[in-house]
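# Analysis of the macromolecular model
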Amino acid sequence: MKRRHPEADRLERDYLARVEAVLAGHPDAAGIVESLREHIEEAATELSDDEISLVQMAQILERLGSPETVRPPRNAPPTIEPESSVDAAPEPVVIPESDRPAAPRSDFDVVARFLDRLWIAYFIGILGLFVPIIDLHFCELISLAMLALAFGAWGRARPVSYRGVGALAWSCFALYFALFPLGLIHLATPLISFVALPVSIGAFALCLMLYWKVMTGTAELLRDAGASFLSEWILRIRQTYLFINAAIFLASILISVAIVFAFGNNRKDILRVELFTLFLLPIGWALGYFYVLRPIGRARDALRATAIQAPYIASFSVNSGFP
Amino acid sequence: MADDVWLSQVKRGLLEMCILNLLAQEHRHGYRLVKALDTVPGLIVTEGTIYPLLCRLKREGLVLTSLEESTQGPTRKVYSLSERGRTKRGEMNRAWRMIAKAVEEIAGAGIEL
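These remarks concern the structure in this document. (Residues numbered from 1 in each chain as written. Chains lettered and ligands numbered in written order. Predicted model: local features only at pLDDT ≥ 70, side-chain atom pairs only at ≥ 80, totals over all residues. Heavy atoms only, no water.)

### Considering the pattern of salt bridges
Residue and element names in this part refer to chain A. Test applied: Any Lys or Arg side-chain nitrogen found within 4 Å of a carboxyl oxygen on Asp or Glu counts as a salt bridge. Runs of E in the DSSP output that reach at least two residues are strands. Runs of H or I that reach at least four are helices, and both are numbered from the N terminus. Buried, partly exposed and exposed residues are distinguished by accessible area as a fraction of the type maximum, computed with a 1.4 Å probe on protein chains only: under 20%, between the cut-offs, and over 50%, respectively.
Counted under the stated rule, the structure contains 22 salt bridges over all chains. Here D14 ties to R10 by a salt bridge, and the two come within 3.2 Å at their closest N and O atoms. Highlighted residues: D14 and R10, both in helix α1 (residues 6-22), separated by four residues, approximately one helical turn. Classification of D14 as partly exposed rests on a relative accessible area of 36%. Here R223 makes a salt bridge to E232, at a shortest N to O gap of 2.6 Å.

Below you can see the structure in the form of structure tokens.
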């Protein structure tokens, strides 16, 4: 973020606060304010000076226009009053309690429930990362199926990063499923490792891609809802998690290979390698909590708690085709 | 005054068409889109009016957004055209060509508009 003179900073904050006030109650308020903030940042970045002066900020804001001009035109269809509404007013019909339709589920509930489903799916996946010796990724399979089903029900896609996530989750599912028979054969013929290892790497890489898309999409949801700080945080930790995982995976392969080279390739050593991987489980849990469950939980809480999200959620649900 | 209203309505309609056409060319973030629209004289009066329009287009499913990583600062929202937006753009362009041609013919025939 480009440095601003304190007066320029104050001017920007005042401007955005005025825009917020003008747009109060508008369904796109959060998105518009966020876009204007981004626009100001872009315009500031283009300037060669190290610090944005008050005059420069005033020029940027002048080009944007006064907060009143930012207000979208009200083009809602006019309300049609029934002719002679007083005379022809029908008798009020009282619907018995039992016949009344159930109150529609609020849009807020829809999004919160979706993020809850993501959280639970990932929780199951992280809890039982794998069963050693036979490579049965039982919890992972349940988790991936839950994710695929949740995203499959998403309808036409919004945000963009959520597109194709369902198919990706099913692909991961297929690869992890394939690892199970390979793991069983592995007990009898260690040479099958030459097949199992690429499948394992493929499944792991797809899982990381899946994580990347899920987190990016969640960050997009937060950005549109005006929670840009949280959105940036999720994008940052997403990168960290990717690097850590890649490093651990590489290290585990190298250590496994080293053990096999040092002690020979026999069944006893396979057990040794698998026992070694057991030590990685607590690390996996910790990473899963800090880099997966915590951000999804925070995103869900932010969307649930922040008042400015409500109008966004309303438009989100209507347009996404989300069930 | 009536002229101003007419002009602003024409501009508003054209602005929507121009945005869809620009996004059909390439994905752009808001600032770049505004700068591209700025090159058409008189199309936008103030840059801030674009964003409510973009939000509405997004709400209507004509435009999609995604986040783009930036080396210079925070991530930016990038706008792109959805399938529905592409269809709408085609319809708008066809209608525009037809109307422009008809109006041109009337004007060319010396009929006072």
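### Observations concerning the nonpolar core
Selection criterion: Nine residue types can take part in a nonpolar core, namely buried Ala, Val, Leu, Ile, Met, Phe, Trp, Tyr and Cys, and a core is a set of them joined through side-chain atoms within 4.5 Å. Residues count as neighbours in contact if any of their non-hydrogen atoms are within 4.5 Å of one another.
By size, the foremost hydrophobic cluster in this structure holds 53 residues, and its most contacted members are L118, Y122, L147, F151, L210, L222 and V292 of chain A. For this core, the elements supplying multiple residues, two or more each, are α5 (107-127), α6 (138-152), α7 (165-188), α8 (193-224), α9 (228-263) and α11 (280-305) of chain A. Counting residues per element, this core draws most heavily on α8 of chain A, which supplies 14 residues. Sequence-distant contacts of Y122 of chain A, defined by excluding residues within four places in its chain, comprise S143, L147, L210, Y211, V214, V292, L293 and I296 of chain A. Counting residues in hydrophobic clusters, the runner-up holds 42 residues, among them I32, A44 and I52 of chain A together with C55 of chain B.

### Description of the interface of chain B and chain A
Filter applied, for reference: In short, buried area is how much 1.4 Å probe accessible area vanishes from two parts on joining, totalled over both. Polar contact is the term for a pair of N or O atoms within 3.5 Å; when the atoms are in protein, one must be able to donate a hydrogen and the other to accept it, and sequence-neighboring residues count only if both atoms are side-chain atoms. Residues were grouped as follows: Ala, Val, Leu, Ile, Met, Phe, Trp, Tyr, Cys and Pro as nonpolar; Asp, Glu, Lys and Arg as charged; and all remaining residues, including Gly, as polar.
Facing 30 residues of chain B, the contacting portion of chain A comprises 36 residues. When chain B packs against chain A, close to 2900 Å² is buried across both sides, 54% of that on carbon and sulfur atoms. Considering only the side of chain B, the residues that lose the most area to chain A are Y31, R59 and L67 of chain B, jointly responsible for 23% of the buried surface there. At the boundary of chain B with chain A, the tally comes to three salt bridges. Here R32 of chain B ties to E46 of chain A by a salt bridge, and the two come within 3.0 Å at their closest N and O atoms. Across the contact surface, chain B and chain A share 12 residue pairs in polar contact (both at pLDDT 80 or more). For the side of chain B that touches chain A, the secondary structure elements donating two or more residues are α2 (30-38), α3 (50-59), β2 (63-68) and β3 (76-81) of chain B. A total of six residues in the side of chain B that touches chain A trace back to one element, the largest contributor, which is α3 of chain B. Classifying every residue of the side of chain B that touches chain A gives nine nonpolar, 10 polar and 11 charged.

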